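Listed below, chain by chain, are the residues.
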Amino acid sequence: STDISTLIHNAQSICSDQNKRLWINDYWQDAIDAKCFGVHLGQEDLYKCVHNHGIQALRGANLALGISTHSYAELSVALGIQPSYISLGPVYNTSSKNVNFDPQGLETVCKWRELIPEDVPLVVIGGISNVERVKECRRAGAECVAVIGAITKAEDVNVAVDSLNDAMDV
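Quantities reported herein were computed from a predicted structural model and do not represent experimental measurements. All residue numbers refer to positions counted from 1 along the written sequence of the respective chain. Where local features are concerned, this predicted model is filtered to residues with pLDDT of at least 70; where side-chain atom pairs are given and counted, the filter is 80 or more; whole-chain, interface and lining totals use all residues. Note that water and hydrogens are dropped before the side-chain values are worked out from all heavy atoms of the structure.

*Asks:* What is the right way to read the overall build of the chain from this model?
*Replies:* Counting its secondary structure elements, the chain contains nine helices and six strands. Rg of the C-alpha trace for the chain: 16 Å, near the compact-globule value of 15 Å for 170 residues, within the 12% margin. Based on the C-alpha atoms only, the size of the chain along its principal axes is roughly 40 × 40 × 30 Å. Exposed residues in this analysis have more than 50% of their type's maximum accessible area, buried residues have under 20%, and partly exposed residues fall in between, with area computed by a 1.4 Å probe over protein chains only. The burial tally for the chain puts 39% of its 170 residues in the buried class. In the chain, of all internal contacts separated by at least 6 residues, the share reaching a separation of at least 24 is 50%. When charges are counted, Lys and Arg are positive and Asp and Glu negative, with His and the chain ends excluded. To locate a charge, the coordinates of NZ of Lys, CZ of Arg, CG of Asp or CD of Glu are taken. Of the charged side chains in the chain, 13 are positive and 21 negative, and the gap between their average positions amounts to 2 Å. Under the DSSP-based scheme used, a helix requires at least four consecutive residues in state H or I and a strand at least two consecutive residues in state E, with every element numbered from the N terminus. With the radius of gyration taken over C-alpha atoms, the globule rule is written as 2.2 Å times the number of residues to the power 0.38. We call two residues contacting when some pair of their heavy atoms lies within 4.5 Å.

Dropping the structure here:
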């Protein structure tokens, strides 16, 4: 079987050939080795990364870093690290992943946008299942939305992607 490191290296090779940026979720050491564009870390993996001097390693390798947040305490930690972006979720109820957090809602999206420096994008995730929800998140202050079901459950993926992209222009 192919290990994660090999998969990451192969994916980076494909992305590099296509002049695309590859973000890796959690596997920061492999992302550094493969010279990927960036890494996204959830809170548990962030702790491991910090404990193993990974933030310095990521900065030394010039990789972008995104960090998940679900509470004010987590946001405080993320702000101290000064990542490339901060994510918040779930905004709405979600069925794509079992999460241990209640939906944050649009009010929290607005509050996060106020607390995060303007030059740090806010990415929202969780239950953003249609164009109207994308527009609501944009109006609340999110620069980016992450979706799963809005695409995977669409009858026509290309139409769904185009509609979601158009909704970002609110």
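Let us keep going from here.
*Asks:* Help me understand the pairing of strand β3 (residues 64–69) in this model?
*Replies:* Looking along a regular strand, one sees side chains alternate from face to face of the sheet. Of all the six residues making up β3, six are buried; the element is thus mostly covered by neighbouring parts of the structure. Every second residue of β3 is oriented toward a common face, with Ala64, Gly66 and Ser68 on one face and Leu65, Ile67 and Thr69 on the other, all of them buried. For strand β2 (residues 38–41) and β3, the ladder comprises four bridges, and the chain directions are parallel. Paired with Gly38 across the strands is Ala64, a residue of β3. Pairing between strands requires that DSSP locate at least two bridges from one strand to the other. Where β3 and strand β4 (residues 85–88) come together, four bridges link them in parallel fashion. Considered in β4, the bridge of Ser68 is made with Ser87.

*Asks:* What should I look at first to understand the packing of helix α6 (residues 105–115) against helix α7 (residues 131–140) in this one?
*Replies:* How two helices pack is summed up by the angle between their axes together with the distance between the axes. Simply put, an axis is a line fit to the C-alpha atoms, just over the touching stretch for a helix, and the angle between two N-to-C directions goes from 0 to 180 degrees. Following both chains from N to C, one finds α6 and α7 inclined at 35°, their axes separated by 8 Å at the closest point. Viewed along their axes, α6 and α7 form a crossing whose handedness is right-handed. Only Glu136, Cys137 and Ala140 of α7 make contact with α6, whose side of the interface consists of Leu106, Val109, Cys110 and Arg113. Split into classes, the residues belonging to the contact of α6 with α7 amount to five nonpolar, no polar and two charged. By definition, any crossing whose near helix is turned counterclockwise from its far helix by less than a right angle is left-handed, and any crossing with a clockwise turn is right-handed. Residue polarity is assigned by list, with Asp, Glu, Lys and Arg as charged and Ala, Val, Leu, Ile, Met, Phe, Trp, Tyr, Cys and Pro as nonpolar; anything else, Gly included, falls into the polar class.

*Asks:* Help me out: how do you make sense of a negative patch on the surface in this one?
*Replies:* Patch building starts from residues that exceed 30% relative accessible area and form no salt bridge, then joins like charges within 9 Å and nonpolar side chains (Val, Leu, Ile, Met, Phe, Trp, Tyr) within 5 Å. With residues, only the protein chains shown are counted as cover, and all accessible areas are computed by Shrake-Rupley using a 1.4 Å probe. One speaks of a salt bridge when a side-chain nitrogen belonging to Lys or Arg is within 4 Å of a carboxyl oxygen belonging to Asp or Glu. On the surface, Glu155, Asp156, Asp162, Asp166 and Asp169 cluster together into a patch of negative charge. Of note, Glu155 is situated in the loop between α8 (149–152) and α9 (157–167).

*Asks:* Teacher, can you tell me more about the environment of Ser5 here?
*Replies:* Note that Ser5 resides in helix α1 (residues 4–17). C-alpha of Ser5 to C-alpha of Gly141: the two residues are 136 residues apart in sequence and 36 Å apart in space.

*Asks:* I'm lost on the pattern of salt bridges in this one. Help?
*Replies:* Where side chains of opposite charge bring their charged atoms close, a pairing between them can arise. For the structure shown, the criterion picks out four salt bridges. Of the charged contacts, one joins Lys48 and Asp45 as a salt bridge, the two residues approaching to 4.0 Å between their closest N and O atoms. Note that Lys48 and Asp45 are positioned in helix α3 (residues 43–51) at a spacing of three residues, about one turn of the helix. Two residues, Lys111 and Glu114, come together in a salt bridge whose shortest N-O distance is 3.5 Å. Of this pair, Lys111 and Glu114 both sit in helix α6, separated by three residues, roughly a single helical turn.

*Asks:* Looking at this structure, I do not really get the packing of aromatic side chains. What am I missing?
*Replies:* What describes a pair of aromatic rings is the distance from one ring centre to the other and the angle between the planes of the rings. Two aromatic rings, drawn from Phe, Tyr or Trp (for Trp, its six-membered ring), form a pair once their centres lie within 6.5 Å of each other, and the interplanar angle then sorts them: stacked below 30 degrees, edge-to-face above 60, tilted otherwise. Taken as a whole and assessed by the stated rule, the structure comprises three aromatic pairs. Note on Tyr72 and Trp112: the rings are 5.0 Å apart at their centroids and 45° apart in plane angle, and the pair reads as tilted. Taken together, the positions of Tyr72 in helix α5 (residues 72–81) and Trp112 in helix α6 put the pair 40 residues apart, joining distant regions of the chain. Taking relative accessible area as the criterion, Trp112 reaches 1% and is therefore assigned buried. In this structure, Arg133 packs its charged tip against the face of Tyr92, placed 4.1 Å from the ring centre. Consider the ring centre and the ring normal. A charge sits over the ring if Lys NZ or Arg CZ is within 6 Å of that centre and within 35 degrees of that normal.

*Asks:* Is there a simple way to think about the sheet that holds β4 in this case?
*Replies:* Strand pairing in a sheet relies on backbone hydrogen bonds, with the paired strands running either antiparallel or parallel. If you walk across this open sheet you meet the six strands as β1-β2-β3-β4-β5-β6, and the pairing is parallel. Since the sheet does not close on itself, it has two edges, and those belong to β1 (23–25) and β6 (144–146), each with one partner. Recorded for the sheet is a direction-independent mean angle of 25° between the axes of neighbouring strands.

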